[in-house]
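# A structural walkthrough
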Amino acid sequence: MKKIILIALLSSSLSSFASVDSNATSKVITENLLKKFSKKSSKEELIALKKEVLSHTGKSVPALVKVMKNEKYPEKNRWVATFMLGKVMGKKSAPFIAKFLKHPSWVMRMASLKTLLALKGTEYKRRFSDALKDNSFIVRSQALDNIAKLNLKSEAPFVWQMLYDKRNYYAPKKGVSPKVANLKRTNIIKKAILTIGELKFEKAKAPLLSMIQKEKYKDIFSEMNTSLEKITGKKAPKGSNQIKTMFWKKVAISNKTI
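Residues numbered from 1 in each chain as written. Predicted model: local features only at pLDDT ≥ 70, side-chain atom pairs only at ≥ 80, totals over all residues. Heavy atoms only, no water.

### Considering the side chain of asparagine 77
The cut-off we apply is this: Segments assigned H or I by DSSP are reported as helices when at least four residues long, segments assigned E as strands when at least two residues long, and all are numbered from the N terminus. Buried means the residue's accessible area, taken with a 1.4 Å probe over protein chains only, is under 20% of the maximum for its type, while exposed means over 50%, and partly exposed covers the values in between. Polar contacts, as used here, are pairs of N or O atoms within 3.5 Å; protein pairs need one atom able to donate a hydrogen and one able to accept it. Residues neighboring in sequence count only if both atoms are side-chain atoms.
Considering the arrangement of structural elements, one finds asparagine 77 in helix H4 (residues 75–89). Residue classification places asparagine 77 among the buried residues on the basis of a relative accessible area of 1%. In terms of polar contacts, asparagine 77 uses its side chain to reach the backbone carbonyl oxygen of phenylalanine 37, at 2.6 Å.

### Concerning the environment of serine 141
We count it as follows: Residues count as neighbours in contact if any of their non-hydrogen atoms are within 4.5 Å of one another.
Along the chain, serine 141 falls in helix H8 (residues 137–149). Relative accessible area serves as the criterion here: at 16%, serine 141 is assigned to the buried category. Once the C-alpha coordinates of serine 141 and alanine 131 are considered, the two residues, ten residues apart in sequence, prove to be 9.0 Å apart. Every residue in contact with serine 141, bar those within four places of it in the chain, is listed here: Ile188 and Lys191. Among the polar contacts made by the side chain of serine 141, one reaches the side chain of lysine 191 at a distance of 2.6 Å.

### What to know about the packing of aromatic side chains
Heads up, the rule is: Whether two aromatic rings pair depends on their centres lying within 6.5 Å, for rings of Phe, Tyr and Trp, where Trp uses its six-membered ring; planes under 30 degrees apart make the pair stacked, over 60 edge-to-face, and the rest tilted.
The full count for this structure, using the stated rule, is two aromatic pairs. Look at phenylalanine 96 and phenylalanine 100: their rings are 5.3 Å apart centre to centre, the planes differ by 70 degrees, and that puts the pair in the edge-to-face class.

### With respect to the packing of H8 against helix H10 (residues 187–198)
Geometry of a packed helix pair, given as the angle between the helix axes and the separation of the axes. So the rule is basically this: Interaxial angles span 0 to 180 degrees and are taken between N-to-C directions of axes, which are lines fitted to C-alpha atoms, for helices over the stretch in contact. Note that the term roughly parallel is reserved for angles under 35 degrees, roughly antiparallel for angles over 145, roughly perpendicular for angles of 65 to 115, and oblique for everything else. A clockwise turn of the near helix away from the far one marks a right-handed crossing, whereas an anticlockwise turn of less than a right angle marks a left-handed crossing.
The N-to-C vectors of H8 and H10 enclose an angle of 15 degrees; their axes lie 10 Å apart at closest approach. Relative to H10, the element H8 lies roughly parallel. The crossing of H8 and H10 is left-handed. Counting all contacts with H8, which are made through Phe137, Arg140, Ser141, Leu144, Asp145 and Ala148, the residues of H10 involved are Ile188, Lys191, Ala192 and Thr195.

### Considerations on the nonpolar core
What counts here: Residues grouped as a nonpolar core are buried Ala, Val, Leu, Ile, Met, Phe, Trp, Tyr and Cys residues, joined through side-chain atoms within 4.5 Å.
Membership of the largest hydrophobic core comes to 67 residues, with the highest contact counts inside it found for Phe37 and Leu208. What phenylalanine 37 contacts, discounting residues up to four positions off in sequence, is Leu49, Val53, Leu64, Val67, Tyr73, Pro74, Asn77, Val80 and Ala81.

### Some details on the pattern of salt bridges
Pairing is possible between side chains of opposite charge, provided their charged atoms come close. Operational definition: Each reported salt bridge corresponds to a side-chain nitrogen of Lys or Arg within 4 Å of a carboxyl oxygen of Asp or Glu.
With the rule as written, the count across this model stands at twelve salt bridges. Where lysine 39 meets glutamate 45, a salt bridge forms, and the shortest distance between an N and an O atom there is 3.6 Å. Exposure remark for lysine 39: the relative accessible area of 42% places this residue in the partly exposed category. The exposure class of glutamate 45 is partly exposed, given its relative accessible area of 35%. With a shortest N-O distance of 3.3 Å, glutamate 123 and lysine 91 are connected by a salt bridge.

See below:
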């Protein structure tokens, strides 16, 4: 009986020592990683840091979270920490990473979008659509990528709305009227139209068939043509834009007749 009690006590003591040792190790790992994340690193140093994070698996999480939340760390390193948290924790990290879609720093919003794309976070589709109205052009563009690459068809109406958002245009001259009609389209408009085609947004068919026949939309002719082909399933004939315009005019007339 005494032997059994002694063995139990020894086992309990060893477990306690193992737990203390594990906690001490985790603390050392966290402190070491935070030290490396705190300095501006070269490309080679960041590659080495990523490998180190992966080698520690779950024990690297406390350091990654702290770096993400604290603005004292370099923005590039916070970006890396966000992406690595997704690598280490997988889908379990998505709810936490999604919180950064509303972060004051555009870099962190961008990092959140890119990481959620890598995690295939389709459940955050409406938040991606919200990001289409972000103040940062780069963030809006990334949100568009997320919707296109994850094939989020339900978000197509929000993509179409980008054509009416003044932030996606620029004034060619000072003093130009702020109306969208008098502004120049940025490349994100072309990207939005191509995405509309990828998502096969049926409600955009009629407006695009009308737009492609107008001279004022000639700068986005190629994108409209590509999208219409994907939405309608019809292939425009090879040749000049004029030949293609005539083809889509016939399609438009045919649709009205039907």
